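Spelled out, the chains give:
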Amino acid sequence: MDHFLYKNGSLHAEDVALSEIAATVGTPFYCYSAATLTRHYQLFKDALAPMPNLVCFAIKSLSNVAVLKLLGDLGAGMDVVSGGEYLRAKAAGVPGDRIVFSGVGKTREEMRLALTGGIRQFNVESEPEMRALSEVAVSLGVKAPIAVRVNPDVDARTHEKIATGKSENKFGIPIARAREVYAEAAALPGLEVVGIDVHIGSQLTELEPFEQAFTKVAELTVALRADGHDIRRLDLGGGLGIPYTRSNEAPPLPMDYGALIARTLGHLGCEIEIEPGRLISGNSGVLVSGVIYVKNGEGRDFLILDAAMNDLVRPSMYGAHHDIVAVAEPAPGAPTLPFDIVGPVCETGDTFAKARELPLLAEGDLVAFRSAGAYGAVMASEYNTRPLVPEVLVKGDHFAVIRARPSFDEILKRDSIPEWL
Ligand code: LLP
């Protein structure tokens, strides 16, 4: 459920008409609903309520500091994968003891940043990383809390570009080698083993792969405890999928995911950490775009929008589907036409959808891409020197620009011409 509904003939974010925001901010823009973000975070909190838990929002899915502040104020932790994301979490007022640091390639500089600023735990992904972290911690005279990310070799049955839990993927340490790696971790100075970490992929639409992975983590917990490690936290990653169409998809509910966690891991008495991104942010955001032209092509009509693949890359990168709707509510029974919906970027891949039925739209009309809150703005680029798309947050009848559209002046100022040229 989200808070983007038609009211008085126009698509609203909560109590604000998207057309009103468009008139103030211009298009394209991302718009997020505070009520939806809150609701989705709360669904996870309720689902995990029977166990001690920390829900760490995966910042990579939506990293605007205002959004992080909203979730942080609700008590959320944060999952970060770079020094930049760490600084965003801190800028949002999230204390270090609620920040977990994931990622396969943490640099020594990033380790220092987090160890100095405060960190709940590093999710370590390789032995070289573990040794580097040990050195950095020793040089600072502190202990780095760690969980080792294990790769359970399960098939997440999702898009190959976002599956991470198979043995051929670059992530984590093969679970079969975990005991040996934990033994080294315990022997290294400057490290404190606190738990186990696992993340098998994103946009999972079934619980079964999670069940396989969590069952393996439960067995490993018992084995590591027998080896003398104090395993007190289990970080289960993110990955629960969302419905991208209104019609046929019904991914598992957070409640059922929580019940699965309780059933497979609850008896171990560990604190449960999860790192959801998409389920919190995905359906909390839309991308609003204006129609530049309607072009009659060879046997098809093109809707040329002012949003492009640089603003929302998911369709061209993963062949992802986003529902696209007219912002002005179509009259019941109004005629529709199949449109190829494209952006202005000079690539054929700049196509959002083919033969998508939409009401008869004209220049200047607005459309909204649904489910665009996750991996939307964060993956935007300035390809074709198109300014980064701005972000707007709505709460009730308030809205605010939470990231402004840069001016061309600002963009051009970032380049410099060497004097010897
Ligand atoms: N934890 C780790 C270690 C991750 O790598 C990810 C996502 C998450 C948590 C959050 O997963 P989520 O709950 O959002 O599924 N750009 C792609 C998705 C990439 C996901 C990368 N890792 C897309 O647009 O579909």
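All residue numbers refer to positions counted from 1 along the written sequence of the respective chain. In view of the model being predicted, local features appear only for residues whose pLDDT reaches at least 70, and side-chain atom pairs are presented and counted only at 80 or more, with totals across whole chains, interfaces and linings using the full set of residues.

As annotated in an unreviewed UniProt entry, the chain carries the name Diaminopimelate decarboxylase and comes from Gemmobacter aquatilis. UniProt positions are given in the numbering used here, feature names are shortened, and annotations may be inferred rather than shown by experiment. The heading Pathway (unreviewed entry) in the UniProt record of the chain holds the text "Amino-acid biosynthesis; L-lysine biosynthesis via DAP pathway; L-lysine from DL-2,6-diaminopimelate: step 1/1."

## Looking at the overall build of the chain
In this text, helices come from DSSP runs of H or I with a minimum length of four residues, and strands from runs of E with a minimum of two, each type numbered from the N-terminal end. Of regular secondary structure, the chain possesses 12 helices and 21 strands. We compute the radius of gyration over the C-alpha atoms and compare it with the globule rule, which gives 2.2 Å times the number of residues raised to the power 0.38. Computed over C-alpha atoms, the radius of gyration of the chain comes to 23 Å, within 12% of the 22 Å expected from 2.2 N^0.38 for 421 residues, which places it in the range of a compact globule. Dimensions of the chain, computed from C-alpha atoms along their principal axes, come out at roughly 70 × 60 × 40 Å. Exposed residues have 12 or fewer other C-beta atoms within 10 Å of their own C-beta, buried residues have 20 or more, and partly exposed residues fall in between, where C-beta atoms are placed from the backbone. Expressed as a percentage of its 421 residues, the buried residues of the chain come to 49%. A sequence separation of at least 24 residues applies to 71% of the contacts in the chain between residues at least 6 apart. It is the C-beta atoms, placed from the backbone, that decide contacts: two residues are in contact if theirs lie within 7 Å.

## Digging into the site of the ligand
As a matter of local geometry, the ligand sits amid 21 residues, with Ser202, Gly238, Gly277, Arg278 and Tyr375 nearest to it. Breaking the shell around the ligand down by element, the ones donating at least two residues are helix 10 (278-281) and helix 11 (314-318). Classes in brief: Ala, Val, Leu, Ile, Met, Phe, Trp, Tyr, Cys and Pro nonpolar; Asp, Glu, Lys and Arg charged; the others, Gly included, polar. A per-class count over the shell around the ligand returns seven nonpolar, nine polar and five charged. Note: domain ranges come from an automatic or database domain assignment. The residue makeup of the shell around the ligand includes at least three contributed by each of domain 1 (4-31 + 282-413) and domain 2 (34-281). Only the C-beta atom matters for nearness: placed from the backbone, it must lie within 6 Å of the molecule or strand for the residue to count as near.

## Some words on the UniProt feature "binding site: pyridoxal 5'-phosphate" (unreviewed entry) in the chain
According to UniProt, the feature "binding site: pyridoxal 5'-phosphate" (unreviewed entry) maps to Gly239, Glu275, Pro276, Gly277, Arg278 and Tyr375 in the numbering used here. Tracing the sequence through the fold places Gly277 in the loop between strand 13 (271-274) and helix 10. On the basis of neighbour count, Gly277 is assigned to the buried category, with 25 C-beta atoms found within 10 Å.

## Structural notes on the domain arrangement of the chain
Per the domain assignment, the segments of the chain are domain 1 (4-31 + 282-413) and domain 2 (34-281). Inter-centroid distance (C-alpha atoms) of domain 1 to domain 2 is 32 Å. Taken together, the contact between domain 1 and domain 2 spans 21 residues of the former and 23 residues of the latter. Put simply, the parts of the chain that give the side of domain 1 that touches domain 2 at least two residues each are strand 20 (391-395) and strand 21 (398-403). Among the residues making up the side of domain 1 that touches domain 2, the classes are represented as eight nonpolar, eight polar and five charged.

## So, the UniProt feature "active site" (unreviewed entry) in the chain
Mapped onto this structure's residue numbering, the UniProt feature "active site" (unreviewed entry) falls at Cys346. Looking at the element boundaries, Cys346 is found in the loop between strand 17 (336-342) and strand 18 (351-359). For Cys346, a count of 9 C-beta atoms within 10 Å translates into the label exposed.

## Some thoughts on the nonpolar core
Within the largest apolar cluster, 124 residues are counted, with the highest numbers of intra-cluster contacts made by Cys31 and Ile146. Broken down by element, the residue count for this core peaks at seven residues, all from helix 2 (residues 34-48). When residues of this core are sorted by domain, at least three fall in each of domain 1 (4-31 + 282-413) and domain 2 (34-281). Those residues in contact with Cys31, other than ones at most four positions away along the chain, are Ala13, Leu18, Ile21, Gly285, Val286, Val288, Val392 and Val394. Buried Ala, Val, Leu, Ile, Met, Phe, Trp, Tyr and Cys residues form a nonpolar core when they are connected through C-beta atoms within 7 Å.

## Focus on the pairing of strand 21
Strands are labelled as partners when DSSP assigns at least two bridges between them. Of the pairings in the sheet, the one linking strand 20 to strand 21 comprises five bridges and is antiparallel in character. Each bridged residue has a counterpart across the sheet, and for Leu393 the counterpart in strand 21 is Ala400. In sequence, strand 20 turns back onto strand 21 through a hairpin of two residues, with Gly396 there showing a positive phi of about 60°.

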